[in-house]
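What follows is the residue order along each chain.
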Amino acid sequence: MQKLFDQMMTGNRRELRYASAMDAKTLHIVDGDSTGGTLKMSGLAKARDILVWREALYSGPVPAGLPLRQLSRLRSRYWTNGKSAAEFEKRDAALAKHERYEEISLWFGRGCTLCHLSLAQILSWFREHGVSPQELWWAAIHGGELHPEQMAKAYAKRRSVSGKQMQLGERTWRAFRQPSPAGLVRLMQADLGAMPGVRSAVLWLLQEYPNLRNGLSRLERDLLRQIHRREIAKASQAVIPIIAREPVGDLLLFDMLRNFVQAEHPLLEFAQPFAGKFQTWEFNGATLALTNAGRRVLAGKDDAVALNGIDRWIGGVHLHGKTVRWRWDRKAKSVIAANC
């Protein structure tokens, strides 16, 4: 009887905690405008209580040693091509007012590298500022994929953030910003059970290092393969199948295709005359084909980095020049220090 009574009391406490959380004034930090819009339409939150974390951290510099304000200014300059340093000021100001709320719900999906990077950044910031994990809840789903009437059910399934999750978020964020991939490699060897999806997110990042075989990242290789299979293809035909299965924005992929076309030794060429504006959406309809150099690289007979160099950031690592120290080794399933 005592055991049954204890179980009933535990269940009652959980129900009371859940009811209290539903009534609490909540700040919703979401993974994008789509989730934010759906959340607003569902009636669960008003616009003023929704903070959209608009970032694509897998692209551009994310160096260590910078507090949020300085990092946000750097990221703003990156996304605006140096035109503005203030793109994230309103977002960061809203985050700094988190104490106005009784709880904070984090809407970031499990199976998304972009979501896990943003979640790691936010958890690290909250831990740095002494926020208790008891104030944080994780709705581990991409709300933009749901209908408004499904949001309440997803919200009810959210779970409180644990101390271990906050620690793992901070560790992931710190490893991602190091000037070498060593921290991420070590992370792959750690117990990541506290946050399902972190391992696949880190693996995704590591596979974006130049491949030991041909100097292409995994996404670059997939783009060239899409065109190689068709012999000639529109840029959009190469991109659409990848964004259908990958947590990546199309802008990054179209930029990769542009880089292949305008490289010192082009890996792609226009299969039909292109009269549109190269740096705009008009490039999406350009018809492309592999060059001889592109076919040699895809076959592993030449190295893309040695041919054309690289200028790309992965977190705190700047890959630059025609020789790079770090390479993805498919056999080792890790990034290694290579002699290139």
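None of the values given here were measured: they were computed from a predicted structure. (Residues numbered from 1 in each chain as written. Predicted model: local features only at pLDDT ≥ 70, side-chain atom pairs only at ≥ 80, totals over all residues. Heavy atoms only, no water.)

Here we look at the side chain of Gln-165
Rules: Numbered from the N terminus, helices here are DSSP runs of H or I no shorter than four residues, and strands are runs of E no shorter than two. Here a polar contact is taken to be a pair of N or O atoms separated by no more than 3.5 Å, where protein atoms must pair a possible hydrogen donor with a possible acceptor and residues adjacent in sequence count only if both atoms sit in side chains. What makes two residues a contact is simply this: any of their non-hydrogen atoms within 4.5 Å.
If you trace the backbone, Gln-165 turns up in helix α7 (residues 163–176). A distance of 3.0 Å separates a polar atom in the side chain of Gln-165 from the backbone nitrogen of Ser-162. Dropping the residues within four chain positions of it, Gln-165 is found in contact with Leu-123, Trp-138, Ser-160, Ala-194 and Met-195.

Notes on the nonpolar core
Selection criterion: Put simply, buried Ala, Val, Leu, Ile, Met, Phe, Trp, Tyr and Cys residues joined by side-chain atoms within 4.5 Å make one nonpolar core. Only protein chains enter the accessibility calculation, which uses a 1.4 Å probe. A residue is then buried if its area is under 20% of the maximum for its type, exposed if over 50%, and partly exposed in between.
Core analysis: the largest hydrophobic core is formed by 86 residues, its most contacted members being Ile-29, Phe-126 and Leu-257. Ranked by residues supplied to this core, first place goes to helix α5 (residues 113–128) with nine residues. Setting aside residues no more than four positions away along its own chain, Leu-257 makes contact with Leu-223, Ile-227, Ala-235, Ala-238, Val-239, Leu-268, Phe-283 and Leu-288. In terms of nonpolar packing, the next biggest core, distinct from the first, is built from 11 residues, Ala-45, Trp-107, Ala-139 and Ala-154 among them.

Remarks on the sheet that holds strand β6 (residues 159–160)
Where we set the bar: Strands are labelled as partners when DSSP assigns at least two bridges between them. Here an angle of 0 to 180 degrees is reported between the N-to-C directions of two axes, which are lines fitted to C-alpha atoms, with helices fitted over the stretch in contact.
The sheet built from five strands is open, its strands ordered β2-β1-β4-β5-β6 with mixed pairing. Single-partner strands in this sheet number two, and they are β2 (50–52) and β6. As judged from the five bridges shared by strand β1 (residues 26–30) and strand β4 (residues 103–107), these two strands associate in the parallel manner. Bridging from a neighbouring strand, Ile-29 pairs with Leu-106 of β4. Sitting on the sheet, α5 is in contact with β1, β4 and β5 (136–139), with an inclination near 160° to β4.

Focus: the packing of helix α10 (residues 218–230) against helix α11 (residues 235–243)
For the record, the criterion: Should an angle fall under 35 degrees it is called roughly parallel, over 145 degrees roughly antiparallel, and 65 to 115 degrees roughly perpendicular, with every other angle called oblique. By definition, any crossing whose near helix is turned counterclockwise from its far helix by less than a right angle is left-handed, and any crossing with a clockwise turn is right-handed. Residues are grouped as follows: Ala, Val, Leu, Ile, Met, Phe, Trp, Tyr, Cys and Pro are nonpolar; Asp, Glu, Lys and Arg are charged; all remaining types, including Gly, are polar.
Put simply, α10 and α11 touch, their axes get as near as 9 Å, and they point 125° apart. It follows from the interaxial angle that α10 and α11 lie oblique. Note that α10 runs across α11; the crossing there is right-handed. Contacts from Leu-219, Asp-222, Leu-223, Gln-226, Ile-227 and Arg-230 of α10 reach α11 at Gln-237, Ala-238, Val-239, Pro-241 and Ile-242. A class-by-class count of the residues in the contact of α10 with α11 yields seven nonpolar, two polar and two charged.

Structural notes on the pairing of β4
Here is the rule we go by: Here the term right-handed applies to a crossover when the path leading from its first strand over the helix to its second strand runs clockwise, the strands being oriented away from the viewer.
Buried residues dominate β4, accounting for five of its five residues. Running through α5, the crossover from β4 to the neighbouring parallel element β5 is right-handed.

A word on the environment of Leu-319
Secondary-structure assignment places Leu-319 in strand β11 (residues 317–321). Ignoring sequence-local partners within four residues, the contact set of Leu-319 consists of Tyr-209, Pro-210, Ile-310, Asp-311, Arg-312, Ile-314 and Val-324.

A short note on the packing of aromatic side chains
The condition is simple: Two rings from Phe, Tyr or Trp (for Trp, the six-membered ring) form a pair when their centres are within 6.5 Å of each other. A pair whose planes differ by under 30 degrees is stacked, one over 60 is edge-to-face, and the rest are tilted.
Summed over all chains, the structure comprises nine aromatic pairs. Ring centres 4.9 Å apart and planes at 65° place the aromatic pair Tyr-78 and Trp-79 in the edge-to-face group. Measuring from ring centre to ring centre gives 5.4 Å for Trp-125 and Phe-126, while their planes differ by 75°; the resulting arrangement is edge-to-face. Trp-125 sits in the buried class, given a relative accessible area of 11%.

Comments concerning the confidence of the model for the chain
Low-pLDDT portions of the prediction should not be read for the details of their coordinates. Under the convention used in this document: The pLDDT value expresses, per residue, how confident the predictor is, ranging between 0 and 100.
Across the chain, the average pLDDT comes to 91, with 92% of residues at or above 70. Scored below 50 in pLDDT, residues 1–22 makes 12 contacts in the model with residues more than four places away or belonging to other chains.

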